[in-house]
Amino acid sequence: MNWDDTAPSAATDPALAADRLVGADADGEDTAVEAALRPKDLGEFVGQERVREQLDLVLRAARARGATADHVLLSGAPGLGKTTLSMIIAAEMGAPIRITSGPAIQHAGDLAAILSSLQEGEVLFLDEIHRMSRPAEEMLYMAMEDFRVDVVVGKGPGATAIPLELPPFTLVGATTRAGLLPPPLRDRFGFTGHMEFYAPAELERVIHRSAGLLDVEIDAEGAAEIAGRSRGTPRIANRLLRRVRDYAQVKADGVITPDTASRALDVYEVDVRGLDRLDRAVLTALLKLFGGGPVGLSTLAVAVGEERETVEEVAEPFLVREGLLARTPRGRIATPAAWAHLGLVPPQQQSGATGQQGRFGA
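Residues numbered from 1 in each chain as written. Predicted model: local features only at pLDDT ≥ 70, side-chain atom pairs only at ≥ 80, totals over all residues. Heavy atoms only, no water.

### Here we look at the sheet that holds strand E7 (residues 191-194)
Then, number 1: If you walk across this open sheet you meet the five strands as E2-E3-E6-E1-E7, and the pairing is parallel. Two strands bound the open sheet, and with one partner strand each, they are strand E2 (97-101) and E7. Here the average twist between neighbouring strands, direction ignored, is 15 degrees.
Then, number 2: Judged from the five bridges that link them, E2 and strand E3 (residues 123-127) form a sheet pairing that is parallel. Bridge pairing in E3 links Arg98 to Leu124. (Pairing = 2+ DSSP bridges. Helix = DSSP H or I, 4+ residues; strand = E, 2+ residues; numbered from the N terminus. Axes fitted to C-alpha atoms, helices over the stretch in contact; angles between N-to-C directions.)

### Looking at the packing of aromatic side chains
Then, number 1: The tally for this structure, following the rule as stated, stands at one aromatic pair.
Then, number 2: Measuring from ring centre to ring centre gives 5.5 Å for Phe147 and Phe169, while their planes differ by 80 degrees; the resulting arrangement is edge-to-face. Linking Phe147 in the loop between helix H6 (134-146) and strand E4 (148-153) with Phe169 in the loop between strand E5 (160-165) and strand E6 (170-175), this pair joins segments that are 22 residues apart in sequence.
Then, number 3: The class for Phe169 is buried, based on a relative accessible area of 0%.
Then, number 4: The ring of Phe318 carries the charged tip of Arg231 above its face, separated from the ring centre by 3.7 Å.
Then, number 5: Against the face of Phe197 rests Arg321, its NZ or CZ located 3.6 Å from the ring centre. (Phe/Tyr/Trp six-rings, centres within 6.5 Å; stacked < 30°, edge-to-face > 60°. Buried < 20%, exposed > 50% of the residue type's maximum accessible area, 1.4 Å probe, protein only. Lys NZ or Arg CZ within 6 Å of the ring centre and 35° of its normal.)

### Some words on the nonpolar core
Then, number 1: Core analysis: the biggest nonpolar cluster contains 48 residues, and Leu85, Ile207, Ile218, Ile226 and Ile256 have the highest contact counts within it.
Then, number 2: With seven residues, the single largest contributor to this core is helix H10 (residues 234-251).
Then, number 3: In this structure, Leu115, Leu126, Leu166 and Leu185 belong to the second largest nonpolar core, which totals 24 residues. (Core = buried A, V, L, I, M, F, W, Y, C linked by side-chain atoms within 4.5 Å.)

### Focus: the pattern of salt bridges
Then, number 1: Inspection of the entire model under this criterion finds 20 salt bridges.
Then, number 2: When the shortest N-O distance is used, the salt bridge between Arg63 and Glu92 registers 3.5 Å. A residue pair is termed long-range when its members are at least 10 positions apart, and Arg63 in helix H3 (residues 49-65) and Glu92 in helix H4 (residues 82-93) qualify at 29 residues.
Then, number 3: Residue classification places Arg63 among the partly exposed residues on the basis of a relative accessible area of 37%.
Then, number 4: In this structure, Glu122 and Arg98 form a salt bridge, with 3.3 Å as the shortest nitrogen-oxygen distance. Separated by 24 residues along the polypeptide, Glu122 in the loop between helix H5 (108-116) and E3 and Arg98 in strand E2 bring together distant segments of the chain.
Then, number 5: Linked by salt bridges that have partners in common, Glu225, Arg229 and Asp266 make up one network. (Salt bridge = Lys/Arg side-chain N within 4 Å of Asp/Glu carboxyl O.)

Shown next as structure tokens:
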């Protein structure tokens, strides 16, 4: 997902992120495979226990009243199941679903055309809702609250607003940046769910379920090996499973064991913590060239041979979340965990100096 509401970023630019096996954005292959692997109802959906339980209550109550469900806002990182939950909402309500995205709605007229064609009770899934244009966003306020839009005909002093009544519908908005949504829009959602990263045990359940659907034989330890390298994201877990399946079919007996999974993911340069080539290149440059930092982002990007935006938006978020890198006012610094992960010794331990101890709070 885009990390900026006006301009494309490295995190979503296909030229920058398409070759990342551990990237959380969906490519063409992911889109096709995910359609077959997606759970069809809340009972099949793995993980997100709190959101799932709360959403189940909202949908059951709406069905009991014979009404459309409240508007739903789902926030969280890419690949955690926001699109899947939107489809489950439609299935649970027995309603059709219309799928679009914020970047596709650049004018109020684009949104008016979509809203005016909705059927009663239909679910409208609006992905990347934080990237919708401001005029369309303001039109959405009235549509969500009053099920009505004003279509402006003509220009200048002769322009006329024609009110258009809409059938009751359920809007499901998905965003990776809930903070970018204006309060008037956030307040119009009846239910807001934040998607958390998955625990390894939950990812193992996802992998076992996907392996069954893909007709892949995998043991418990093999699933655990893949889950540990999946960065807490089901989409990445399913992608790694497919690559390990390929390796097992070509170089093993087709059964995914922990040894097979480990050797396969080593081939694809995904290490035991889920770091790939770019992640390790950033850490290696920070540790070996700059002694663990602090170092400026631009300098670090030049050392790695990548664009500044690529390092900042593609590599750094996971490294910070893993506690391997810290952003400070003076620049980027490596944590003790980064030195340990790459098997290197911090300079103060090599020479007995204490210059860097303050950086790590030692």
